[in-house]
Every structure is written in C-alpha cells, then in structure tokens.
Amino acid sequence: MTTATAPTAAPSAVTPRSARRAVLAAEFRLFLREPGSLAGILLFPVVLLVILGSIPAFREADDGLGGLRLVDAYVPVTVLLGMIAGGLQSMPPIITGYRERGILRRMSTTPVRPSALLGAQMSLHGVAVLVSAALCLGIGRLAFDVALPRQLGGYLIALALAVVVALALGAVVCARAGTTKIASAIGTVVFFPSMFTAGVWLPVQSMPDALARIVEVTPFGAAAQALNQAAAGHWPGTVHLLVVAAWAVGLSAAAARWFRWE
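Bear in mind that the values here come from a model prediction, so they are computed numbers and not experimental data.

Quick notes on the rules
- Residues numbered from 1 in each chain as written.
- Predicted model: local features only at pLDDT ≥ 70, side-chain atom pairs only at ≥ 80, totals over all residues.
- Heavy atoms only, no water.
- Helix = DSSP H or I, 4+ residues; strand = E, 2+ residues; numbered from the N terminus.
- Buried < 20%, exposed > 50% of the residue type's maximum accessible area, 1.4 Å probe, protein only.
- Areas by Shrake-Rupley, 256 points an atom, 1.4 Å probe, with all protein chains shown as cover.
- Lys, Arg positive; Asp, Glu negative; His and termini not counted.
- Charge placed at Lys NZ, Arg CZ, Asp CG, Glu CD.
- Phe/Tyr/Trp six-rings, centres within 6.5 Å; stacked < 30°, edge-to-face > 60°.
- Axes fitted to C-alpha atoms, helices over the stretch in contact; angles between N-to-C directions.
- Parallel < 35°, antiparallel > 145°, perpendicular 65-115°, else oblique.
- Left-handed = near helix turned anticlockwise from the far one by under 90°.
- Contact = heavy atoms within 4.5 Å.
- 1 Å grid on protein atoms, 1.4 Å probe; cavity = no way out; pocket = protein on both sides within 12 Å on 5 of 7 lines; lining within 4 Å.
- Points joined across faces, edges and corners; volume = space filled by probe spheres on them.
- Nonpolar A, V, L, I, M, F, W, Y, C, P; charged D, E, K, R; others polar.

Trainee: Even after reading the chapter, I still don't get the overall build of the protein chain, so can you show me in this structure?
Mentor: Across its full length, the protein chain carries 10 helices and 0 strands. Overall, the protein chain shows an N-to-C arrangement of helices and strands of α-α-α-α-α-α-α-α-α-α. When its C-alpha atoms are laid out on the principal axes, the protein chain stretches across 100 × 35 × 35 Å. Looking at the 262 residues of the protein chain, the share that counts as buried comes to 47%. In the structure as shown, the protein chain presents an accessible area of about 13,000 Å², 67% of it carried by carbon and sulfur atoms. Positive and negative side-chain charges of the protein chain, numbering 19 and 11 respectively, have mean locations separated by a distance of 18 Å.

What follows is the structure in structure tokens.
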C-alpha cells in the first residue's frame, strides 16, 4: 500500500515587478535617512527665494521684464534649482557610493536590473523636487504675492519634462562616474552652468537676444522659458517643450546604455 504525499510547494519566483517594488521600498527607507540630500533639494531653493524676495528692488516692477517684478521671474528659477540640486548633487553620490562599496556588484547577481535601481532613485528624487517646487510656488504666493501659474496645464507639462530631464542628467553622471568623488566633481562642474542657463544670475527673458537663443537650446534654458510662459498665462512654446523632451529622451537613453554595476 503506497501513501500519497502532498507535493512541496515551490518557493515563489521573484519577478522583475516584485524586485522593482523591493528596491523602491528599500531605497525609500535609505533616502529618509539622508537629511542632507533632502535639505539641499527642499531648503536651498526656498532660502534663495526668501533672500531675493526680501530685497526691495526685487519687489518693484521692471520694464525690462514686461512689468513683472524680479521676484516674479525668480520663482520659476528656484523651481528649477530644486531639480538641478536633486539630479546633480543628491542622486549621483548615492548610486556611485553603492558601486564603490560593492553593493551594485552583489545586486547584479539578483533579478534586479539597472533600470530598477535608477528608476527607484529617480522616482524618489522626483517626488522630492516636486515638493520643493510646491514650496517655492507657495512661499512666492504667500510671502511675496507672486501669482500662481495662470496656464496650469501647460505649467504642469513643462514641470514634468523639467523633472525628467534633470534626473536623467543625474542618471548619466551616475552611469559614468566610478567613485563618489568623481560623481561629486562632475556634478559640481555641471551644476553651475545649469544654474546659469536656468536663469539664476540673469533671468532668461532678460538676457541679450543672442545669448538667450543659445541658452534656449539647453535643457534648463528651454524649461525656464516654458515655465515662464505658462506662469504668465500662455501655453508654453512648442519648441521649448520639444527641446526639453528631446534632452530628456536622449539623456535617459544614454544613462540606460552606459550604466554598469562595476
């Protein structure tokens, strides 16, 4: 007489989707333990806006800006600054730190793919920079009477594209830099030109025509113009949106192609 035995249930396979969820959950917990990164994304743009808005001359109408005040022009700039800080100053040292400590090499033996790790970091930093943007818009409105974007739909589209392009640029740094020091150095080198094209030292709409045309083919120069147009109540220029979108696609493809575990 034979006794039938129930088959032992095989352990459930780890699917790519479950691996992505696990990576996102783990990265979220680690992200909250890095207050320095969050401070750079959330506080730096807000502090700059408060300082600039506290200058009396920045609260006076400027004929060169079509009657706008400088503080009005600088709100979109500070919105972009949070994105630039997140993409170039916060994200690259985290991933290259994993690479230096051999964490990425160990992850390469699991079902986790490079896109899962990059996607998790871009998602978390994306949320942080959107919170930073909301803070800048809110403080600009409450503290300095800066009007909220009048063309909300166009503003949200330009904002989303700008977030993607900033984080894609950071992902390229993550992909190419072998160490944290190199990532920080590259991020710093790219950070200052990015701030210039975003209009930190001179709003794009105040630049000489020749310089403005050059700046508008850069990702943050085009994003600044798109945000300015939407804030004023106009639909962002198609060319500006296409420039930002093209940069976002190109940088994302480059990051995915160049990323290595070691």
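Trainee: Would you take a moment to explain the packing of aromatic side chains for this structure?
Mentor: The way to describe two aromatic rings as a pair is by their centre distance and the angle between their planes. The full count for this structure, using the stated rule, is 2 aromatic pairs. Aromatic pair phenylalanine 58 and tyrosine 74: ring centres 5.8 Å apart, planes at 40°, arrangement tilted. With phenylalanine 58 in the loop between α2 (35-53) and α3 (70-100) and tyrosine 74 in helix α3, this pair connects stretches of sequence that are 16 residues apart. Accessibility classification places phenylalanine 58 together with tyrosine 74 in one group, the buried group. Consider the rings of phenylalanine 191 and phenylalanine 192, whose centres lie 5.6 Å apart with planes at 80°: the pair is edge-to-face.

Trainee: Explain the packing of α3 against helix α9 (residues 219-231) here, please?
Mentor: In helix packing, the relevant descriptors are the interaxial angle and the interaxial distance, both defined with respect to the helix axes. α9 packs onto α3 with a crossing angle of 135° between their chain directions and a minimal axis gap of 9 Å. By the angle class used here, α3 and α9 are oblique. Seen along the crossing, α3 lies across α9 with a hand that is right-handed. Each of Ala73, Pro76, Val79, Leu80 and Ile84 in α3 lies in contact with α9, whose residues at this interface are Phe220, Ala223, Ala224, Leu227 and Asn228.

Trainee: Can you walk me through the layout of surface pockets in this structure?
Mentor: Rolled over the atoms, a probe with the dimensions of a water molecule shows which regions are left empty. Of the volumes computed, that of the largest pocket is approximately 300 Å³. Lining the largest pocket are 19 residues, and of these Leu68, Asp72, Asn228, Ala231 and Ala232 lie nearest its centre. For the lining of the largest pocket, the secondary-structure elements that each account for two or more residues are α3 and α9. Here the residues of the lining of the largest pocket sort into 13 nonpolar, 4 polar and 2 charged. Considered as a void within the structure, the second largest pocket measures approximately 150 Å³ in volume. For the second largest pocket, the full set of lining residues is Glu27, Leu30, Phe31, Arg33, Glu34, Pro93, Ile94, Gly97, Tyr98, Arg101, Gln121 and Thr180. Every element with two or more residues in the lining of the second largest pocket is listed here: α1 (16-32) and α3.

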